[in-house]
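So the chains spell out like this:
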Amino acid sequence: MLNDSELATLRNRFKRDAEFLMQTTAPSDEDGKSPEEKDAKPLPRFNKHSIFWIVASIAVTYYVDFLRNIMENDEIKSWWFNVGLILLGICLSLAMFCIVYLEWFKGIRHYDQEYPAIPPITTAAFIAASCSFNIALWPVWSFFTPLILFTQFMGVVMFISLLG
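Residues numbered from 1 in each chain as written. Predicted model: local features only at pLDDT ≥ 70, side-chain atom pairs only at ≥ 80, totals over all residues. Heavy atoms only, no water.

Novice: Please give an account of the confidence of the model for the protein that cites residues and values.
Specialist: For the protein, per-residue confidence averages 86 on the pLDDT scale, and residues scoring 70 or more make up 86% of the total. The spread of mean pLDDT over the elements of the protein runs between helix α2 (residues 35–39), the lowest at 61, and helix α7 (residues 118–141), the highest at 96. (pLDDT = per-residue confidence, 0-100. Helix = DSSP H or I, 4+ residues; strand = E, 2+ residues; numbered from the N terminus.)

Here you go:
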């Protein structure tokens, strides 16, 4: 075992090494920007990835007659579809609460720190909604249903990201 003087030497060495590591990894304030200004880096809105998903979503909507099938197809399991609509409504309501009310009106940029329960509830509602929509639309498109819904989801997300 180590005696007291060896433990003190070891403790001081670790303390000195930790202080050195903290000094080298601390963010440098040489540019004089606040953390909010560093968060506000403009990102390009139009990129290949966004355009690809938007075009793919439009193509899928056209080729599978997405809207006509949703409105007129009798094979859709309406109970699961309605559950999916309710859960999607909850998800979108929470998102609008965060974006419109908290960020625009209250000025809270990091609302996940102020309201930590919102992201997991929104995520759970969206996952449950996507499962419900897959169950409801499975009789229409069979094993293509998850691919079609994922493409539609990515197209909508990329379109919203273009809006701001």
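Novice: Tell me what's going on with the environment of phenylalanine 159, and back it up with residues and numbers.
Specialist: If you trace the backbone, phenylalanine 159 turns up in helix α8 (residues 145–163). Separated by 108 residues in the primary sequence, phenylalanine 159 and isoleucine 51 have C-alpha atoms spaced 8.5 Å apart.

Novice: Describe the packing of helix α3 (residues 48–63) against α8, and please don't skip the residues or the numbers.
Specialist: Contact geometry for α3 and α8: axes closest at 8 Å, N-to-C directions at 130°. When the interaxial angle is binned, α3 and α8 end up oblique. Like other packed secondary-structure pairs, α3 and α8 cross with a definite hand, here left-handed. Contact residues: α3 offers His49, Ser50, Trp53, Ile54, Ala56, Ser57, Val60 and Thr61, while α8 offers Ile148, Phe150, Thr151, Gln152, Met154, Gly155, Met158, Phe159, Ser161 and Leu162. Partitioned by chemical class, the residues of the contact of α3 with α8 number ten nonpolar, eight polar and no charged. (Axes fitted to C-alpha atoms, helices over the stretch in contact; angles between N-to-C directions. Parallel < 35°, antiparallel > 145°, perpendicular 65-115°, else oblique. Left-handed = near helix turned anticlockwise from the far one by under 90°. Contact = heavy atoms within 4.5 Å. Nonpolar A, V, L, I, M, F, W, Y, C, P; charged D, E, K, R; others polar.)

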